[in-house]
Amino acid sequence: MVRSKGQVDEAIEEIVTTGIAPALGAAGFERVGLAFVRPRGDIHQVVDIQRSLRNEDNRGRFTLNLAVASIEISRLWHAERVVRGPTSEQSWLISQRVGCLLYT
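All figures in this text were calculated on a predicted structure; none of them were measured in a lab.

The rules we used
Each chain carries its own residue numbering, running from 1 in the direction its sequence is written. Local features are withheld for residues below a pLDDT of 70 in this predicted model, meaning they are given only at 70 or higher, and side-chain atom pairs are given and counted only at 80 or more; totals for whole chains, interfaces and linings count all residues. Neither water nor hydrogens contribute to the side-chain values; these are computed over all heavy atoms in the structure. Secondary structure elements are defined from DSSP: runs of H or I of at least 4 residues count as helices, runs of E of at least 2 residues count as strands, and each element is numbered from the N terminus. Whether a residue is buried, partly exposed or exposed follows from its accessible area with a 1.4 Å probe, protein chains only, as a fraction of its type maximum: under 20%, in between, or over 50%, in that order. By the convention used here, residues are in contact when the closest approach between their heavy atoms is within 4.5 Å. Surface exposure here means Shrake-Rupley accessible area, sampled with a 1.4 Å probe, where a residue is shielded only by the protein chains that are shown. The salt bridge criterion pairs a side-chain nitrogen of Lys or Arg with a carboxyl oxygen of Asp or Glu, the two atoms within 4 Å.

**Looking at the overall build of the protein chain**
Item 1. Helix and strand counts for the protein chain come out as 2 helices and 5 strands.
Item 2. In the protein chain, the succession of helices and strands from N to C terminus is α-β-β-β-β-α-β.
Item 3. Looking at the protein chain as a whole, 38% of its 104 residues are labelled buried.
Item 4. Summarising the internal contacts of the protein chain: among those between residues at least 6 apart in sequence, 49% fall at separations of at least 24.
Item 5. Accessible surface computed for the protein chain: about 6,600 Å², of which carbon and sulfur atoms make up 54%.

**Observations concerning the pattern of salt bridges**
Item 1. Across all of its chains, the model carries 1 salt bridge by this definition.
Item 2. Here Glu-13 ties to Arg-31 by a salt bridge, and the two come within 2.8 Å at their closest N and O atoms. Taken together, the residues span a long stretch of sequence, with Glu-13 in helix H1 (residues 5-26) and Arg-31 in strand S1 (residues 30-32) at a distance of 18 residues.
Item 3. The class of Arg-31 is partly exposed, set by a relative accessible area of 34%.

This is the structure in structure tokens:
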């Protein structure tokens, strides 16, 4: 059975909802879309789920981006421009991509 891009995205959402979200929720992270944030004062720890733009042919690829964010430092660094929040890459001070994870 060939799955559509929408079906693959739904399967990835199911993985996030049933597997990743409970584990990160138990560790104090709050879900914001496909990201999870744990505040530590002005510093935020971020686990961001990034779906591949090329999810097709029954394969759903995604990666985890791990980041440390600071809205205040980002505002200073970006000369007071609006920073959307800790899930925005603009506010990430340090980040690391875990690698390609696969749903088949």
